[in-house]
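A structural walkthrough
The chain contents come next:
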Amino acid sequence: MSAAVNVLVIGVGPHTRLNHLPALAAAQDAGLAGTVTGVDLSHAAAGAVEYGTPGRPRRMPVIPVQPFPDSRRALPYAVRRVLEDILVRERICAVIVATEPSVHLPYALWAMERGLPVLLDKPLTVRPGASTDPAAAQAIADDFDTLLGAYQAARRHHPTMVVSVLSQRRWHPAFRRVRELIAEVAEATNCPVTSVQSSHGDGQWRLPDELIDLSYHGFDRGYGKAAHSGYHHFDTVPWWLAAGERPGKEIDEIEVHAACTRPSDFLSQLTVADHARLLPDLASRNPYTEQDLRGLTAGHGEVDVFLNVAYRNRGKVMALGNHSLTHTSFSQRGSLPPMSGDLYKGNGRIGQETHIVHQGPFQSLHLHVLQTLHGNDEGIDPRAVGGADHIALQVFRNDQVPFGWQRHRTLDFTDLVQGSGDSAVLPTQRSARTCAVIEFFAHLNGRVPRSELASDLADHRRPARLMAAAYLSMARRTANAAQPTAPVVLDFHRAASPARRSERSLTALGAAR
């Protein structure tokens, strides 16, 4: 392909409108993406969606399709017919799959069957009930094998076929810098990463009646935080660990213990009475008693989940991991009515993320993203602690070994911009998502070779299996609540993948833009 690529966006909910459409506008401005057509369920397909900037507004037509059971592994005939009509009429050359993740699989398989390049949202897949049903949890790992097999078959028939996974931290300058620092020390010392502590809290305060009445990014499908945003950590940590792997020290197995809270636990932490005292108007709005809520949320997915992971090579522990993923964390919500109807963003949600990576006695990396607000209307420097763009990477190295290392340095927002090689690539999630979309379309236009794609599907076996193991541990605990549960042990080999990618700066993406 050498011209602007017309794209079909499957799923145009709040996530797509907030994240994908601005990035697609940037790709259109760069001459990489052509027309954009959306598809969504009938109740959500309201004619057209406006996006872009006030100076350059755009409209995306949205075509309705009928819902189908998320147990289906292939699209119903009626849905396929609608999609194929759009392909011909709009001359579609690529697909973005951004639906509810429980139906990612059939849409992605359909696109691959037709040789259409896919930008696949995270998580790759999830199964209803994964948090409580061991079979559904195991199916997450099986789904990856299905996707990879379809991808390999599509590549044989369509050599230019590509599936890129939009796990944006792989494009984020700070997360890339951590990986580079790990690789540098591993090369010098032969020491892999030996422990990782990762934490993400998104500050969601979902009120008791909203546990039932607001389903977007909810818990009623039998999964929760680990599927909502946990995949970012399931992907990032193995990606970092891989940078430190050395011959004979490759990770081939994981052992996972998971503990989680569910809505019933949250209602014990903060009862209906507690909420009513904090928010006096709740009583007049909430139609559910405590007993109602406990009955209606039975079988719901996880609100928060903590994982303890041993990453092993031939039975020996190479690294220990502690991964905490929480909805219940510091928030700035204080009003009864949600500021938006879906609680996806806004409503006081504040992201706070930390990672501590130890590499034996040689290196310690502390990456902190500590926000107290999304905007900057309170006079806080956006790059200071608490600001919307705060980020800092602390680098500690052993300066007593003969490598000429500096004992400590701090890389702040400005340092990370300069280190990316392109002043337009910022150490923010929004900029990283834009890079992901730009890279996809730049590849389709022949400007970025396959060997330099940051997030090819074939490189996602490990995060898929880590996610499956987390859910399998949660589900087994639920299924065997009366007795101790053995840890989940899964193999952790990489999938057969394309030629190893050469590490590059983000400058190439800046040039593509």
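Residues numbered from 1 in each chain as written. Predicted model: local features only at pLDDT ≥ 70, side-chain atom pairs only at ≥ 80, totals over all residues. Heavy atoms only, no water.

The next point concerns the pairing of strand β5 (residues 94–97). By the alternation rule, side chains of β5 split into Ala94 and Ile96 and Val95 and Val97, which are all buried. Here three bridges tie β5 to strand β6 (residues 118–121), and the two strands are oriented parallel to one another. Within the sheet, the bridge partner assigned to Ile96 lies in β6 and is Leu119. In this fold, β5 hands off to helix α3 (residues 104–113), which returns the chain to β6; that crossover is right-handed. (Buried < 20%, exposed > 50% of the residue type's maximum accessible area, 1.4 Å probe, protein only. Helix = DSSP H or I, 4+ residues; strand = E, 2+ residues; numbered from the N terminus. Pairing = 2+ DSSP bridges. Right-handed = clockwise from strand over helix to strand, strands pointing away.)

Here the focus is helix α13 (residues 413–420). Taken as a whole, α13 has its buried residues at Phe413, Leu416, Val417 and Ser420. For α13, the angular spread of the buried residues around the axis is 105°, confining them to a single face. In α13, the exposed positions angled more than 90 degrees off the buried face are occupied by Gln418 and Gly419. Of the residues that open α13, the one with a side-chain oxygen 3.2 Å from the backbone nitrogen of Thr414 is Asp412. At the exit of α13 stands Gly421, carrying a positive phi of roughly 85°. (Arc of directions from axis to C-beta. Polar contact = N/O pair within 3.5 Å; in protein donor to acceptor, adjacent residues only side chain to side chain.)

Moving on to the packing of helix α2 (residues 77–90) against α3. Viewed as axis vectors pointing N to C, α2 and α3 meet at an angle of 45°, and their least axial separation amounts to 12 Å. By the angle class used here, α2 and α3 are oblique. As α2 runs across α3, the sense of the crossing is right-handed. Contacts from Val79, Arg80, Leu83, Glu84 and Leu87 of α2 reach α3 at Tyr107, Trp110 and Glu113. (Axes fitted to C-alpha atoms, helices over the stretch in contact; angles between N-to-C directions. Parallel < 35°, antiparallel > 145°, perpendicular 65-115°, else oblique. Left-handed = near helix turned anticlockwise from the far one by under 90°. Contact = heavy atoms within 4.5 Å.)

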